[in-house]
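One letter stands for each residue in the lines below.
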Amino acid sequence: MGKRVADLSIYNSKKMWTKGRVSRHKGAMAALLFFFLSILPGGPALAGSIVAVEAIDRGAVIRFDDYVSSARVFGLTQPNRIAVDIVGAKAGQARGMTYAGVIRQGQFSADTARLVLDLTQNVTVKEARFGSDGKSLHLFFAPVAAADFFGQLSRLRLDLFPPSLFRKAPPKDRYSVSVDLPAPRSAKGLPKVYGRNDVTLPLVVIDAGHGGHDPGAISPHGGAYEKMVTLSIARRTRDALVATGRVRVALTREDDRFVILQDRYTIARRLGADLFISIHADSAGNATARGATVYTLSEVASDREARRLAARENKADIINGVNLGGATGDVSSILIDLTQRETMNVSADFAKALVFEGARSLTMRSESHKFASFVVLKAPDTPSVLFETGYLSNALDAEFLTSAAGQANVAATLARAVDGHFSRRLAIR
């Protein structure tokens, strides 16, 4: 322990390391990876109308008079509901009574019908699938213990597609799609950079997790949304860092809007960031789970919990059945291969600094530094960490993370870790 403290003592150094340029850790890229996402065939025109909602044993069947594009099943709380968004469908008048509650429906948007099951029982959807004819959607419910109900409902998200034979057909006319790509390092569409107008200062990009239609975790203790907690912490961290005068700061979002996962780290790359920090607040089925955790990139998650968390966060890019993140298994592997060893080492160095500072001022998990394959950590040339600040499902963590004092504490901890990180890197050089 003595040696570790000695090694980390420089994190508290007040040395004015910003007078000289902290050399960018950007390796020479031999080639650029370019890939094009397949485009979902068909347009927003409605195809299938909902003609029946039938109760079956421990489930329900939704029937259409024509083919639809896709469906998403997800949970809603306060009040507790299960919703089904069906893309390429028109809502009808049919209602269904199931053992778990009543299903009602409406037209959510021009091309999406929404069905809502108002729950009278503690259940979740254990399985959902389209019928083999492509004109029905089957839901199967499973009871959940009261202690686990909120966590399972808030995490519920299933994306479904009919058999390919029965999906909406593409237009008969041949067509092409062209996309104007911005020039490298273009400032167009990039967020504001805060701090002194001095490009020699290191740039930190802070990413507030979730946002817009994606609330993230929802606390059972007061109903706080993760997307708002992370945004508040991100703003406070920006202010704390700018106040030091030693770094510049940008936010991937400054209000309640949704930013797809790939765009979050792309912003950092286009700005030439020296460090990318994605802020989150987790939830767990076990209400006693609490404490902060720092994640850095690993193609193979360090444990089952990390794999679960990565899988859930990565699904945030799937909107109306289209994976906007574009990271298929093969592409994900290529991105991992392209990630430079230097980038991962620097990410791990900052994680150590954050764990060190967090142990002094925050409640940290016993295993404070974990590894997971989060999409937002896959920039090949930007050191990146994902900081789970605590559990909104835990009463103590929720009270801390939703309070002004708690958020200021997290922001101050991050600011000290950033300061120590760049001080240490300058000293090594």
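Residues numbered from 1 in each chain as written. Predicted model: local features only at pLDDT ≥ 70, side-chain atom pairs only at ≥ 80, totals over all residues. Heavy atoms only, no water.

1. Topic: the overall build of the protein chain
Now for step 1: Each helix and strand counted, the protein chain has nine helices and 20 strands in total.
Now for step 2: A total of about 19700 Å² of accessible surface is found on the protein chain, and carbon and sulfur atoms cover 54% of it. (Helix = DSSP H or I, 4+ residues; strand = E, 2+ residues; numbered from the N terminus. Areas by Shrake-Rupley, 256 points an atom, 1.4 Å probe, with all protein chains shown as cover.)

2. Focus on the confidence of the model for the protein chain
Now for step 1: Mean pLDDT for the protein chain: 79, with 73% of residues reaching 70 or above.
Now for step 2: Across the protein chain, strand 14 (residues 248–251) holds the top mean pLDDT of 98, while helix 1 (residues 2–8) sits lowest at 37.
Now for step 3: Here residues 169–188 is a poorly scored stretch, pLDDT under 50, and it has 13 contacts once near neighbours within four places are set aside; other chains count. (pLDDT = per-residue confidence, 0-100. Contact = heavy atoms within 4.5 Å.)

3. Observations concerning the pattern of salt bridges
Now for step 1: Overall, the coordinates contain 16 salt bridges when judged by the stated rule.
Now for step 2: Of the charged contacts in the structure, one is a salt bridge between R114 and D85, with a shortest N-O distance of 2.6 Å. Linking R114 in strand 8 (residues 112–119) with D85 in strand 4 (residues 81–87), this pair joins segments that are 29 residues apart in sequence.
Now for step 3: With a closest N to O distance of 3.4 Å, R157 and D214 form a salt bridge. On the criterion of sequence distance, the pair formed by R157 in strand 11 (residues 157–160) and D214 in the loop between strand 13 (203–208) and helix 3 (226–244) is long-range, its members being 57 residues apart.
Now for step 4: With relative accessibility at 22%, the residue R157 sits in the partly exposed group.
Now for step 5: Taken together, the shared-partner salt bridges connect R238, D239 and E254 into one network. (Salt bridge = Lys/Arg side-chain N within 4 Å of Asp/Glu carboxyl O. Buried < 20%, exposed > 50% of the residue type's maximum accessible area, 1.4 Å probe, protein only.)

4. Observations concerning the sheet that holds strand 6 (residues 96–98)
Now for step 1: The strand order 6-7-8-4-3-11 describes an open sheet built from six strands, whose pairing is antiparallel. Whereas interior strands pair on both sides, the edge strands pair on one side only; in this sheet they are strand 6 and strand 11. The average undirected angle you get between the axes of adjacent strands in this sheet is 20 degrees.
Now for step 2: Examined bridge by bridge, strand 7 (residues 101–109) and strand 8 share eight bridges and lie antiparallel to one another. Bridge pairing in strand 8 links Q105 to L115. (Pairing = 2+ DSSP bridges. Axes fitted to C-alpha atoms, helices over the stretch in contact; angles between N-to-C directions.)

5. What to know about the side chain of T413
Now for step 1: The topology assignment puts T413 in helix 9 (residues 404–428).
Now for step 2: Here T413 is in contact with L354, E357, G358, S361 and L362, once residues within four sequence places are set aside.

6. Brief notes about helix 2 (residues 146–155)
Now for step 1: Among the residues of helix 2, those classed as buried are F149, F150, G151, L153 and S154.
Now for step 2: Buried residues in helix 2 make contact with strand 3 (70–76), strand 4, strand 8 and strand 9 (123–130).

7. Description of the pairing of strand 9
Now for step 1: In this structure, strand 9 lies alongside strand 10 (residues 136–143), joined through seven bridges in antiparallel fashion. In the strand pairing of strand 10, T124 is matched with A142.
Now for step 2: Between strand 9 and the antiparallel strand that follows it, strand 10, lie five residues; G134 among them carries a positive phi value of about 75 degrees.

8. Structural notes on the sheet that holds strand 2 (residues 59–64)
Now for step 1: Strand order across the open sheet formed by five strands is 5-1-2-10-9, with mixed pairing between neighbours. Edge positions in the sheet fall to strand 5 (89–90) and strand 9, since each has one partner strand and no second.
Now for step 2: Pairing of strand 2 with strand 10, which is carried by five bridges, proceeds in the antiparallel orientation. Of the residues in strand 10, the one forming a bridge with I62 is L137.

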